[in-house]
There are 2 protein chains.
Amino acid sequence: MDAYQTLVDYQQRVDQALQKFFPEKVEEARRFDAATVDSMAALSEFTLRKAKRLRAAFLYYGYACFADPIRYDKVSKAQKGTDVGNAGITGNDNHLLYASLAMELLQSHLLIHDDIMDRDHIRRGKPTIHVQYASQRDAHYGNSMALCIGNYGIDHAVRILNKSQFPSKRKERAIEELLIFVQKVIQGQIRDLRPELRSEQEILKTYELKSATYTVEGPLHVGAILAGARPPALRLLSRYALPLGIAFQLRDDINGLYGDEEKTGKPADSDVKQGKYTLLMARALAAGTPAEQATLRSALGNQQLTTQQLDQVREIVKQRSLDSIVALAQQKMEEAVRAIQDALFRAKGKEFLLGITDFIARRDH
Amino acid sequence: MDAYQTLVDYQQRVDQALQKFFPEKVEEARRFDAATVDSMAALSEFTLRKAKRLRAAFLYYGYACFADPIRYDKVSKAQKGTDVGNAGITGNDNHLLYASLAMELLQSHLLIHDDIMDRDHIRRGKPTIHVQYASQRDAHYGNSMALCIGNYGIDHAVRILNKSQFPSKRKERAIEELLIFVQKVIQGQIRDLRPELRSEQEILKTYELKSATYTVEGPLHVGAILAGARPPALRLLSRYALPLGIAFQLRDDINGLYGDEEKTGKPADSDVKQGKYTLLMARALAAGTPAEQATLRSALGNQQLTTQQLDQVREIVKQRSLDSIVALAQQKMEEAVRAIQDALFRAKGKEFLLGITDFIARRDH
């Protein structure tokens, strides 16, 4: 089976598990009050929006690089001799599926807070949380509610790992790993807020922190740690994860300018309106004529951006930097593949890791 | 020794431990970049501001209710026969002191985010984090930076517990407890944002969630769990903690109107300017004449509040509700004392818990 199909299948399992997880949480909230029910329902709705579940999958297949995700349990006497075949043992991987939900809750935490900071209006095809609540009163109320609901996300992410059915020492290391990579994401977000960090090198460093760590490296590490992997194996995974994560972000930037709204889940002009200083844009600015530079600068961060201006931006970037960014993403992807080509990982994990790179580096989703 | 002096002594130990903790974190940040160093330094400065360290102390004495905080270790051969007396064993309680720092990092997380939501300008006698950063650019940048820096706080709080030197199963339960009480605080904060929850009963419920759980109950529970306490003991602690936490909040409300700025660390008019709908205010509004009600309503949330108006508010509240709130705080304090008067807790913990109630219920600090 190809890795993309594997991802799609896993996505369905994650969606089903989240559809079971959240009603329980909303039910728990009923013991408190309507306000809690409402905010937990908002976290639920946001998390359940259509998403690739890539981070949950990386956790799962990070584990699969080092151990069999299926746990075989001895069947009880009552079950024996009934309909259980398979030499008296039965098994499943639900414990690992459950742990991988932590990545999706973490994702909600980060996206909800990021949307406040970026003043984004649409996420996963629907209004962002702060915009939803702002419409009930005002922008400050919207931001405050999104701040609180985002905080529920990290809380649940850690609780899921903490309660998962793995040996305590591994869970401790996994929680430490998660919290360290969350710190890196925060660092990346802070760098994003600082306009002085705009050299090519600084942009790539920000991409590594805000994207590569939490999209690829962190989830893989958490999965690997739950399977008992040691630091040398984690370092090897990083040599795959960091370039792949950067390729992912470079593709995300391209999709942010040329992507299909249906697939990206956000308006095609939002990156430019927000003034996102992507590597794609930085290279176009560096390579453009003075007139082109002026056009790009007047478009970036312009809330009144017209369709015509957006088309001009697309054309300039296409002329000046698109090919070089596509090539860089391809190069980073190949770097990722080379890093683990000869690694002694278990086949189930390694096949997914190698197979998914192509999807990530040429994604238009 | 009286409990207040015990608290002051413990405060000094916490301050010293934090003064050791943060330079290490800032040093770690140097491996990344100047932006990270700057934001970690901001979290450090905020956390190190003068504070009572009440939550850290409750963790410590929650532990002391069930086990001896001093851990005696066998001395090594090299140490034997040198200057170590005491039957060949030596000990300290630094592991517990370290774990209790989690409460102060959590406190920073909650205060930094709360200050964004409440639009507070001064905290612990100095500008709030969002105000500090807003002055560098604009309000949105200030809020975004405070959002990120506040997130570092919860991250460090969980990491501290996760890395502390207690048995894994206890740490797991302690982390779960911490994350559950953080969820309650978020619930309290969300309730605070909702003006419809203004009956006396609803206000007290909000106080329980946003104050009592995280000031008293949560820290006590985490400490008790680290000492191996079981659910019935935790329930007993709750019967002490929740009324005491409400007494604490009622006193906080009184200090917010009549307190000394030096002691409260915030301007004397900030609660009224913010429009904080305290029980003190709710009762004054309920009991006042129509003219008094009009005065209170025009003062609440009024950013242009004059000294004369503030004095009018103080006088009305003094006439209409102050005594009843002082009495309610006293009653809640007594309820707390009665709950554990006959409990079979260890003396060191119980003495602190009983002794500190008086300080909390009559505090003007």
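Our subject is the structure listed above.
All figures in this text were calculated on a predicted structure; none of them were measured in a lab.

### Some words on the overall build of chain A
No. 1: In terms of helices and strands, chain A carries 16 helices and four strands.
No. 2: For chain A, whose C-alpha radius of gyration is 22 Å, the value lies close to the compact-globule estimate of 21 Å for 365 residues.
No. 3: Considering only C-alpha atoms, chain A reaches an extent of 80 × 55 × 30 Å along its principal axes.
No. 4: Per-residue burial over chain A gives 59% buried out of 365 residues.
No. 5: When contacts within chain A are restricted to residue pairs at least 6 apart in sequence, long-range pairs at least 24 apart make up 75% of them.
No. 6: Working note: accessible area of chain A is about 15,100 Å², and carbon and sulfur atoms make up 49% of it.
No. 7: Averaged over its 51 positive side-chain charges, chain A has a centre that lies 5 Å from the centre of its 46 negative ones.

### A closer look at the pattern of salt bridges
No. 1: For the structure shown, the criterion picks out 46 salt bridges over all chains.
No. 2: Residues A:Arg283 and A:Glu200 are paired through a salt bridge, measuring 2.4 Å at the closest nitrogen-oxygen approach. With A:Arg283 in helix H12 (residues 279–287) and A:Glu200 in helix H8 (residues 200–226), this pair connects stretches of sequence that are 83 residues apart.
No. 3: On the accessibility criterion, A:Glu200 (34% relative accessible area) is partly exposed.
No. 4: Among the salt bridges present, the one from B:Arg123 reaches B:Asp115, with a minimum N-O distance of 2.8 Å.
No. 5: Counted as one network, the salt bridges with shared partners bring together A:Asp15, A:Arg53 and A:Glu104.

### Looking at helix H7 (residues 168–192) of chain B
No. 1: An ideal rise of 1.5 Å per residue puts 36 Å on 25 residues; H7(B) measures up with 36 Å between its terminal C-alpha atoms.
No. 2: Of all 25 residues in H7(B), 19 are buried; the element is thus mostly enclosed.

### With respect to helix H4 (residues 94–118) of chain A
The periodicity of an α-helix, 3.6 residues per turn, causes residues three or four positions apart to be oriented the same way.
Residue and element names in this part refer to chain A.
No. 1: Helix length check: H4 (25 residues) gives 36 Å between terminal C-alpha atoms against 36 Å at 1.5 Å per residue, within 8%.
No. 2: A large share of H4 lies buried, amounting to 23 of its 25 residues.
No. 3: In the stretch just after H4, arginine 119 is the one whose phi turns positive, near 55°.

### As for the relation of the copies chain B and chain A
No. 1: Overlay of chain B on chain A (RMSD 0.0 Å): rotation 180°, translation along the axis 0.0 Å. Taken together, the rotation and translation describe the operation of a two-fold axis. Proximity to the rotation axis, assessed at the C-alpha, singles out B:Ser168 in chain B; its C-alpha lies 3.0 Å from the axis.
No. 2: In this assembly, 100% of the residues forming the interface of chain B have copies in chain A that are likewise at the interface, indicating an isologous arrangement.

### Side note on the interface of chain B and chain A
No. 1: Between chain B and chain A, the contact holds 49 residues from the first and 49 residues from the second.
No. 2: Summed over the shared surface of chain B and chain A, the number is ten salt bridges.
No. 3: The residue A:Arg191 makes a salt bridge to B:Asp33 at a minimum N-O spacing of 2.3 Å.
No. 4: Linking chain B with chain A are 24 residue pairs in polar contact (both at pLDDT 80 or more), by the criterion used here.
No. 5: Looking at the side of chain B that touches chain A, the elements that each hand over two or more residues are helix H2 (34–48), helix H4 (94–118), helix H6 (139–163) and H7 of chain B.
No. 6: A total of 16 residues in the side of chain B that touches chain A trace back to one element, the largest contributor, which is H7(B).
No. 7: Along the lines of polarity and charge, the residues of the side of chain B that touches chain A split into 21 nonpolar, 13 polar and 15 charged.

### Here's the deal with the environment of A:Asp192
Residues and elements named next belong to chain A.
No. 1: With respect to the helices, strands and loops of the structure, aspartate 192 is situated in helix H7 (residues 168–192).
No. 2: The spacing of aspartate 192 and threonine 206 is 14 residues in sequence and 7.1 Å in space, taken between C-alpha atoms.
No. 3: The contacts of aspartate 192, once residues within four sequence positions are left out, are Thr206 and Lys210.
No. 4: A distance of 3.0 Å separates the side chain of aspartate 192 from the side chain of lysine 210, its partner in a polar contact.

### Concerning the packing of helix H6 (residues 139–163) of chain A against H7(B)
No. 1: Where H6(A) contacts H7(B), the axes come no closer than 10 Å and their chain directions differ by 165°. When the axes of H6(A) and H7(B) are compared, the pair comes out roughly antiparallel. Regarding H6(A) and H7(B), the two cross each other, and that crossing is left-handed. Taken together, the residues of H7(B) that come into contact with H6(A) (itself represented by A:Met145, A:Cys148, A:Asn151, A:Tyr152, A:Asp155, A:His156, A:Val158, A:Arg159, A:Asn162 and A:Lys163) are B:Glu172, B:Ile175, B:Glu176, B:Leu179, B:Ile180, B:Val182, B:Gln183, B:Ile186, B:Gln187, B:Gln189 and B:Ile190.
No. 2: The residue makeup of the contact of H6(A) with H7(B), split by class, is ten nonpolar, six polar and five charged.

### Looking at the packing of aromatic side chains
Residues and elements named next belong to chain A.
No. 1: Within this structure, the stated rule accounts for 20 aromatic pairs over all chains.
No. 2: Taken together, a centroid distance of 6.3 Å and an interplanar angle of 70° make the contact between tyrosine 10 and tyrosine 61 edge-to-face. One end of the pair, tyrosine 10, is in helix H1 (residues 3–30); the other, tyrosine 61, is in helix H3 (residues 54–64), with 51 residues separating them in the sequence.
No. 3: Its relative accessible area of 7% is what places tyrosine 61 among the buried residues.
No. 4: Chaining the aromatic ring pairs together yields one cluster made of Tyr10, Phe58, Tyr60, Tyr61 and Phe352.
No. 5: Sitting over the ring of tyrosine 214, arginine 55 keeps its end group 4.5 Å from the ring centre.

### Section: the packing of helix H13 (residues 290–299) of chain A against helix H14 (residues 307–320) of chain A
Residue and element names in this part refer to chain A.
No. 1: Viewed as axis vectors pointing N to C, H13 and H14 meet at an angle of 130°, and their least axial separation amounts to 10 Å. Accordingly, the angle class assigned to the pair H13 and H14 is oblique. As H13 runs across H14, the sense of the crossing is left-handed. Mapping the contact onto sequence places Glu292, Thr295, Leu296, Ser298 and Ala299 in H13 and Gln309, Gln312, Val313, Ile316, Val317 and Arg320 in H14.
No. 2: Residues belonging to the contact of H13 with H14 are distributed by class as follows: five nonpolar, four polar and two charged.

### Observations regarding the nonpolar core
No. 1: Ranked by size, the top nonpolar core spans 186 residues in total, and within it A:Phe58, A:Leu178, A:Tyr240, B:Phe58, B:Leu178 and B:Tyr240 carry the most contacts.
No. 2: The residues contacting B:Tyr240, other than those within four sequence positions of it, are B:Phe58, B:Val216, B:Leu220, B:Ala336, B:Ala339, B:Ile340, B:Leu353, B:Ile356 and B:Thr357.

### Re the side chain of B:Arg55
Residues and elements named next belong to chain B.
No. 1: As for its placement among the helices and strands, arginine 55 is situated in helix H3 (residues 54–64).
No. 2: Buried within the structure, arginine 55 lacks any salt-bridge partner; glutamate 104 is the closest side chain of opposite charge, at an N-O distance of 5.8 Å.
No. 3: Reaching out from arginine 55, the side chain makes a polar contact with the side chain of glutamine 107 at a distance of 3.5 Å.

About the thresholds
All chains use their own residue numbering, which begins from 1 and follows the written sequence. For naming, the first written chain is A and the first written ligand is 1, with later ones following in the order written. Given that the model is predicted, a residue must reach a pLDDT of at least 70 before its local features are reported, and side-chain atom pairs must reach 80 or more before they are shown or counted; all residues, however, enter totals for whole chains, interfaces and linings. As a rule here, side-chain values cover all heavy atoms of the structure and leave hydrogens and water aside. The secondary structure listing takes helices from DSSP runs of H or I that are at least 4 residues long and strands from runs of E that are at least 2 residues long, numbered from the N terminus. Between the two quantities, the radius of gyration covers C-alpha atoms and the globule rule is 2.2 Å times the number of residues to the power 0.38. Throughout, exposure labels follow a simple rule: accessible area from a 1.4 Å probe, protein chains only, divided by the maximum for the residue type, with under 20% read as buried, over 50% as exposed, and the rest as partly exposed. We call two residues in contact whenever any of their non-hydrogen atoms come within 4.5 Å of each other. For every accessible area listed, the method is Shrake-Rupley and the probe measures 1.4 Å; residues are considered covered only by the protein chains on display. Neither His nor the chain ends contribute to the count of charged residues, in which Lys and Arg are positive and Asp and Glu negative. In this description, the location of a charge corresponds to atom NZ of lysine, CZ of arginine, CG of aspartate or CD of glutamate. Whenever a carboxyl oxygen of Asp or Glu lies within 4 Å of a side-chain nitrogen of Lys or Arg, that contact is scored as a salt bridge. To estimate the expected span of a helix, subtract one from its residue number and multiply by 1.5 Å. Copy-to-copy alignment: least squares on C-alpha atoms, limited to residues at pLDDT 70 or above in both. Polar contacts here mean pairs of N or O atoms no more than 3.5 Å apart (in protein, one a potential hydrogen donor and the other a potential acceptor; neighbouring residues in sequence count only if both atoms are side-chain atoms). All residues other than Ala, Val, Leu, Ile, Met, Phe, Trp, Tyr, Cys, Pro, Asp, Glu, Lys and Arg, Gly among them, are scored as polar; the first ten of these are nonpolar and the last four charged. To obtain each axis, a line is fitted to C-alpha atoms, and for helices this fit is confined to the stretch in contact; angles are then taken between N-to-C directions over 0 to 180 degrees. Roughly parallel means an angle under 35 degrees; roughly antiparallel means over 145; roughly perpendicular covers 65 to 115; every other angle is labelled oblique. Whether a crossing is left-handed or right-handed is set by the direction in which the near helix is turned from the far one by less than a right angle, anticlockwise for left-handed and clockwise for right-handed. Only Phe, Tyr and Trp rings are paired, with Trp represented by its six-membered ring, and only when their centres lie within 6.5 Å; those with planes under 30 degrees apart are stacked, over 60 edge-to-face, the remainder tilted. We count a charge as sitting over a ring when the NZ of a lysine or the CZ of an arginine lies within 6 Å of the ring centre and within 35 degrees of the ring normal. Nine residue types can take part in a nonpolar core, namely buried Ala, Val, Leu, Ile, Met, Phe, Trp, Tyr and Cys, and a core is a set of them joined through side-chain atoms within 4.5 Å.

Function cannot be read off these values alone, since they describe shape.
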